[in-house]
Amino acid sequence: MQDGTILSGDSRIYYQIEGRGEKEILFLHGNGENLHIFDMITRKLSPLYRICRMDSRCHGRSTGLPNTLTIDKMAEDVVCLIKTLGLNKPHLIGFSDGANIAIQVALGHSHLIDKLVLAGANLAPDGLLPKILFQLWTEERILKLKKKCGALVDRELALLALMTNQPSFTPEMLQNIQAKTLVIAGEHDMIRREHTYQIAKAIPEACLRIIPENDHFVFSRRLNRLLEVLLPFLKEDEE
C-alpha cells in the first residue's frame with residue numbers, strides 16, 4: 001500500500017492507494033467519516049482495480065479550517081489529488097456527501113474522470129428525510145448554544161452545515177454531466193426517493209439502481225448486493 005499527503009490550498013489531504021489493476025477507482029466518503037468506510041469494498045476490488053481513497057478536508061488524517069468545509073472546496077481537493085498523483089481518468093465513486101462532491105467534480109472537470117457512481121446523493125438539504133433534517137437542525141441549535149458558552153465546536157458545526165445548508169444543485173445543472181453515471185440508493189435510504197429519481201433523470205443516460213433490503217450505508221451493509229450492481233457497470237465497455 002502507498003500512502004501520503006498532498007497539499008491542496010490551505011489543506012493537506014491524506015490518501016491511500018492499493019490494488020493491482022490497471023484501471024483506477026477514486027472513492028469519496030461521507031460526512032464525518034474517513035477513507036476506512038471503504039475498507040470492505042477495497043478488499044473486494046483491489047485484485048481488479050487500483051484503488052485510491054482519500055480523507056476529505058477536516059476528516060480523518062486530512063487537515064483544513066472548518067470555515068472552508070464546503071462542497072466546492074472539497075471538490076477542488078479531489079481535482080488537486082487527481083492531478084498531483086497523476087491518476088489516469090479514474091472511475092469516481094462517491095458516497096453521501098462524497099457523492100455530492102463527486103457531482104461537483106463531474107460538473108467542472110469531467111475530462112479528469114471516467115465513470116461516475118453516486119450513492120446516496122441529494123440535490124439540496126430537503127433531499128434528506130424530514131425526520132433526519134429535523135434531527136440535524138436540533139443538533140445544530142444545540143452546538144450553537146454551546147459555542148455561545150465558549151465550547152470549541154467549530155468543526156462539528158461545519159460538518160452539520162454541510163448537510164443543512166448544502167448542496168445546492170438543480171436538475172438543469174446535472175444535465176451538463178458528461179460522464180457515464182450510475183445512481184444508487186438503498187431501499188430504505190435517508191435520502192428522499194424523489195431526489196434520487198430526479199438526479200438519475202437529469203443526468204443524461206444515467207442508470208438508476210435501488211439496492212433492496214438496504215439503507216443509506218450501502219458500502220458497509222450487505223455489500224454483496226451493492227457489488228451485484230456496481231461491478232457490471234464498471235466492467236461494461238472495458239477492454
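Relevant structure appears above.
Worth saying up front: this structure is predicted, and the values here are computed from it rather than measured.

Enquirer: Would you mind going over the packing of aromatic side chains in detail, with residue names and values included?
Expert: Ring pairs (aromatic) are described by centroid distance and by the angle formed between their planes. The full count for this structure, using the stated rule, is 5 aromatic pairs. Members of the aromatic cluster, joined through ring pairs, are F27, F38, F95, F217 and F219. Against the face of Y14 rests R61, its NZ or CZ located 4.2 Å from the ring centre. Sitting above the plane of the F233 ring, K115 keeps its charged end 5.3 Å from the centroid.

Enquirer: I'd like a rundown of the nonpolar core, residues and numbers included.
Expert: Nonpolar side chains tend to gather and get buried jointly when the protein is soluble and globular. Grouped together as the largest cluster of nonpolar side chains are 45 residues, with contacts concentrated most on L26, V78, L92, I113, L116, L118 and L174. Only β2 (11-18), β3 (24-28), β4 (50-54), α2 (71-85), α3 (97-109), β6 (116-119), α5 (154-164) and α7 (193-202) provide two or more residues apiece to this core. The element best represented in this core is α2, accounting for 8 residues. Apart from residues no more than four positions distant in its own chain, L118 is found in contact with G94, A99, A102, I103, T181, L182, V183, I184, I199 and I203. Residues I93, L182, L223 and L230 belong to the second largest nonpolar core, which totals 24 residues.

Enquirer: Explain the pattern of salt bridges residue by residue, including any values.
Expert: As a working rule, side chains carrying opposite charge can pair if their charged atoms are close by. What the rule picks out here adds up to 11 salt bridges. For D10, the salt bridge identified is with R57, shortest N-O distance 3.1 Å. You can see D10 sitting in the loop between β1 (2-8) and β2 and its partner R57 sitting in the loop between β4 and α2, a full 47 residues away along the chain. Under the relative-accessibility criterion, D10 is labelled partly exposed at 41%. For R57, a relative accessible area of 2% gives the class buried. A network of salt bridges, in which partner residues are shared, links D10, R57 and D77.

Enquirer: Can you explain α7? Please cite residues and give values.
Expert: Buried within α7 we find H195, T196, I199, A200 and A202. Where α7 is buried, its residues touch β6, α6 (171-174), β7 (181-188) and β8 (207-215).

Enquirer: Describe unusual backbone geometry, naming the residues involved and giving the relevant values.
Expert: Of note, the amide linkage connecting Q166 to P167 takes the cis form, showing an omega dihedral of -5°. Here P167 lies in the loop between α5 and α6. Look at E213: it is not a glycine, yet its phi comes out positive at around 55°. The exposure class assigned to E213 is partly exposed, which follows from its relative accessible area of 44%. Positive phi values are uncommon outside glycine, yet R222 reaches one of about 50°. Topologically, R222 is positioned in the loop between β8 and α8 (223-235).

Enquirer: Explain the pairing of β6 residue by residue, including any values.
Expert: It is a general feature of regular strands that their side chains alternate between the two faces of the sheet. Neither face of β6 is exposed, since L116 and L118 on one face and V117 and A119 on the opposite face are all buried. The pairing of strand β5 (residues 91-95) with β6 spans 4 bridges and is parallel. Among the inter-strand pairings, G94 is bridged to a residue of β6, identified as L118. Once you follow β5 into α3 and on to β6, the crossover reads as right-handed. Inspection of the sheet shows β6 paired to β7 by 4 bridges, in the parallel sense. Within β7, the residue paired with L116 across the bridge is T181.

Enquirer: I'd love a proper account of the environment of E22, names of residues and values included.
Expert: Mapped onto the fold, E22 is located in the loop between β2 and β3. On the basis of relative accessibility, which here comes to 81%, the residue E22 falls in the exposed class.

Enquirer: So, the environment of S56: which residues are in play, and what are the values?
Expert: Structurally, S56 can be placed in the loop between β4 and α2. It is 9.6 Å that separates the C-alpha atoms of S56 and S11, two residues lying 45 residues apart in sequence. Discounting residues that sit within four places of it in the chain, S56 has contacts with H29, S62, M74 and I101.

Conventions used here
- Residues numbered from 1 in each chain as written.
- Predicted model: local features only at pLDDT ≥ 70, side-chain atom pairs only at ≥ 80, totals over all residues.
- Heavy atoms only, no water.
- Phe/Tyr/Trp six-rings, centres within 6.5 Å; stacked < 30°, edge-to-face > 60°.
- Lys NZ or Arg CZ within 6 Å of the ring centre and 35° of its normal.
- Core = buried A, V, L, I, M, F, W, Y, C linked by side-chain atoms within 4.5 Å.
- Buried < 20%, exposed > 50% of the residue type's maximum accessible area, 1.4 Å probe, protein only.
- Helix = DSSP H or I, 4+ residues; strand = E, 2+ residues; numbered from the N terminus.
- Contact = heavy atoms within 4.5 Å.
- Salt bridge = Lys/Arg side-chain N within 4 Å of Asp/Glu carboxyl O.
- Pairing = 2+ DSSP bridges.
- Right-handed = clockwise from strand over helix to strand, strands pointing away.

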